[in-house]
Amino acid sequence: MRQPGIYSGILSGGLSGRTGPHALPLARIKKIMKKSGDDVKMISGEAPIVFAKACELFIEELTRRSWMVTVQGKRRTLHKEDVASAVAATEVFDFLVGLVADDDNNNSGGGGGGGGGGSNSTNSSSVESPEEEMAAVIR
């Protein structure tokens, strides 16, 4: 008989106190995990649950830091520029700096014309990396 793993408490609301459906779709998380590399073939049922919880915590932390930027600007609506500022001000989010910078360059209306830094202009058809996948989900 299989015994529950150490992360099974997450299923019963152990860490979050929540039970029932997850905030993030586990099937989508598992699909992203499988696309991360050719070596990833088998994924246990508990792994996507842990990733879902990690993603929730990540989103909450980034939102808190972005909201602080919003409040400092004396506004009540969080904008993508607030997220970009929070990313730039937080060392642990350095891996996102290129993502938010590219996003700002791609979506800025006119002006600048700084070349765009070689970002993909055909990002609507296929997503190549997990970072691009997450950016597509966020948009």
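Residues numbered from 1 in each chain as written. Predicted model: local features only at pLDDT ≥ 70, side-chain atom pairs only at ≥ 80, totals over all residues. Heavy atoms only, no water.

Quick word on the overall build of the protein
Argument step 1. The number of helices and strands found in the protein is five helices and zero strands.
Argument step 2. When the helices and strands of the protein are placed in sequence order, the string is α-α-α-α-α.
Argument step 3. For the protein, the proportion of its 139 residues judged to be buried stands at 19%.
Argument step 4. Once local pairs closer than 6 in sequence are excluded, the contacts in the protein between residues at least 24 apart make up 41%.
Argument step 5. Of the roughly 10000 Å² of accessible surface on the protein, 57% is carried by carbon and sulfur atoms. (Helix = DSSP H or I, 4+ residues; strand = E, 2+ residues; numbered from the N terminus. Buried < 20%, exposed > 50% of the residue type's maximum accessible area, 1.4 Å probe, protein only. Contact = heavy atoms within 4.5 Å. Areas by Shrake-Rupley, 256 points an atom, 1.4 Å probe, with all protein chains shown as cover.)

Thoughts on the confidence of the model for the protein
Argument step 1. Per-residue confidence for the protein gives a mean pLDDT of 76; residues scoring 70 or more make up 58%.
Argument step 2. Here residues 109–127 is a poorly scored stretch, pLDDT under 50, and it has eight contacts once near neighbours within four places are set aside; other chains count. (pLDDT = per-residue confidence, 0-100.)

Some words on the pattern of salt bridges
Argument step 1. Inspection of every chain in the model, using the stated rule, returns four salt bridges.
Argument step 2. When the shortest N-O distance is used, the salt bridge between R64 and E61 registers 3.3 Å. Remark: E61 and R64 occur in helix α2 (residues 46–72); sequence separation between them is three residues, near one turn of the helix.
Argument step 3. Relative accessible area serves as the criterion here: at 27%, E61 is assigned to the partly exposed category. (Salt bridge = Lys/Arg side-chain N within 4 Å of Asp/Glu carboxyl O.)

Focus on a nonpolar patch on the surface
Argument step 1. Residues W67, V71 and L78 make up a contiguous nonpolar surface patch of about 240 Å² in total accessible area.
Argument step 2. Here V71 shows up in helix α2. (Patch = residues over 30% accessible without salt bridge, like charges linked within 9 Å, V, L, I, M, F, W, Y side chains within 5 Å.)

What to know about the packing of aromatic side chains
Geometry of an aromatic ring pair is reported as the spacing of the ring centres plus the angle between the planes.
Argument step 1. Applying the stated rule across the entire model yields two aromatic pairs.
Argument step 2. Ring geometry for F58 and F93: centres 5.6 Å apart, planes at 90°, overall edge-to-face. With F58 in helix α2 and F93 in the loop between α3 (80–89) and α4 (97–107), this residue pair connects regions lying 35 residues apart in the sequence.
Argument step 3. Given a relative accessible area of 5%, F93 falls into the buried group.
Argument step 4. Between the aromatic rings of F58 and F95, the centroid separation amounts to 6.3 Å while the plane-to-plane angle is 40°, which identifies the pairing as tilted. Note that F58 is positioned in helix α2 and F95 in the loop between α3 and α4, a separation of 37 residues in sequence.
Argument step 5. A residue is classified by how much of its surface remains accessible, and F58, at 24% relative accessible area, is partly exposed.
Argument step 6. Following the ring pairs from residue to residue traces out a cluster consisting of F58, F93 and F95. (Phe/Tyr/Trp six-rings, centres within 6.5 Å; stacked < 30°, edge-to-face > 60°.)

Here we look at the packing of α2 against α3
Argument step 1. One can describe the packing of α2 onto α3 by two numbers: an axis separation of 8 Å at closest approach and a directional angle of 110°. One element, α2, and the other, α3, form an angle in the roughly perpendicular class. Where α2 abuts α3, its residues L62, R65, S66, V69 and T70 lie against D82, V83, S85, A86 and V87.
Argument step 2. When grouped by side-chain class, the residues that make up the contact of α2 with α3 number five nonpolar, three polar and two charged. (Axes fitted to C-alpha atoms, helices over the stretch in contact; angles between N-to-C directions. Parallel < 35°, antiparallel > 145°, perpendicular 65-115°, else oblique. Nonpolar A, V, L, I, M, F, W, Y, C, P; charged D, E, K, R; others polar.)

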